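# Working through the structure, step by step
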Amino acid sequence: MLSQRKEEERKYRQNLILNGALQIFKDKGLEKATMEEIAHSAGFGTATLYYYFPSKDDVFLAILVKGWKTLLEGIEDIINLDIPSEEKFLDTIYEIAGIVLKELNLYRFLFQAPQVYPSISEQNSEWKDYQNRLYATLQGLLKDGIKEGAFPKVKPELLMKGIGGIFHTILFMGDGKKSMSKAEFKILISELLTN
């Protein structure tokens, strides 16, 4: 069993590798990237990279898992609050936006990679499990809000698509340096949900 310090060091190295890989994947694409380039970008030798990840595909999948897991775990405290569904939903969406803006390169990659590399992204369902849990949680909040009369009576899946469109526009059309205040963000999402 690893000591806490060793476990923290391991996670630190893995994060350096994932961040280095993200830059290489962004610059060269997954197909042209090499394990040597990923190791160099992370500041490690190739042997260290292979110790943590047996292949480039495993690095790619670990990036997907990291991103979706971070989003799901990032909303846990809000989900457990005893507040009205509308407020809980808006706070949750705002929290997700904040997480994405902190690591914009990761999430630009995360939201595009499964479409660009479908054969690899389907090799491992762990990232998909996190994504599905996140989407189910958001849809559950919408259903609760509809039930309470806070949101219009439409299919939660349809509302999710509309919110997803706005979310992507807010996050990906700009340079990621300007962010909306929580109040502005809530007004925008509220207008979508109530009109």
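What you are looking at is a predicted structure, and each value in this text was computed from that prediction instead of being measured. (Residues numbered from 1 in each chain as written. Predicted model: local features only at pLDDT ≥ 70, side-chain atom pairs only at ≥ 80, totals over all residues. Heavy atoms only, no water.)

Here we take up the side chain of Lys66. By the secondary structure assignment, Lys66 is in helix H4 (residues 56–74). Polar side-chain contacts of Lys66 include one of 3.5 Å to the side chain of Asn15. The residues touching Lys66, leaving out its near neighbours within four places in the chain, are Asn15, Leu18, Asn19 and Glu103. (Helix = DSSP H or I, 4+ residues; strand = E, 2+ residues; numbered from the N terminus. Polar contact = N/O pair within 3.5 Å; in protein donor to acceptor, adjacent residues only side chain to side chain. Contact = heavy atoms within 4.5 Å.)

Within the structure shown, the criterion is met by 8 aromatic pairs. A ring pair is formed by Phe25 and Phe60, whose centres lie 6.5 Å apart and whose planes are at 65 degrees; its orientation type is edge-to-face. With a gap of 35 residues between them, Phe25 in helix H1 (residues 4–28) and Phe60 in helix H4 connect regions that are remote in the sequence. Exposure remark for Phe25: the relative accessible area of 4% places this residue in the buried category. Three or more aromatic residues joined by ring pairs make a cluster, and in this case those are Trp68, Tyr107, Phe111 and Tyr135. (Phe/Tyr/Trp six-rings, centres within 6.5 Å; stacked < 30°, edge-to-face > 60°. Buried < 20%, exposed > 50% of the residue type's maximum accessible area, 1.4 Å probe, protein only.)

By themselves these figures say nothing about function.
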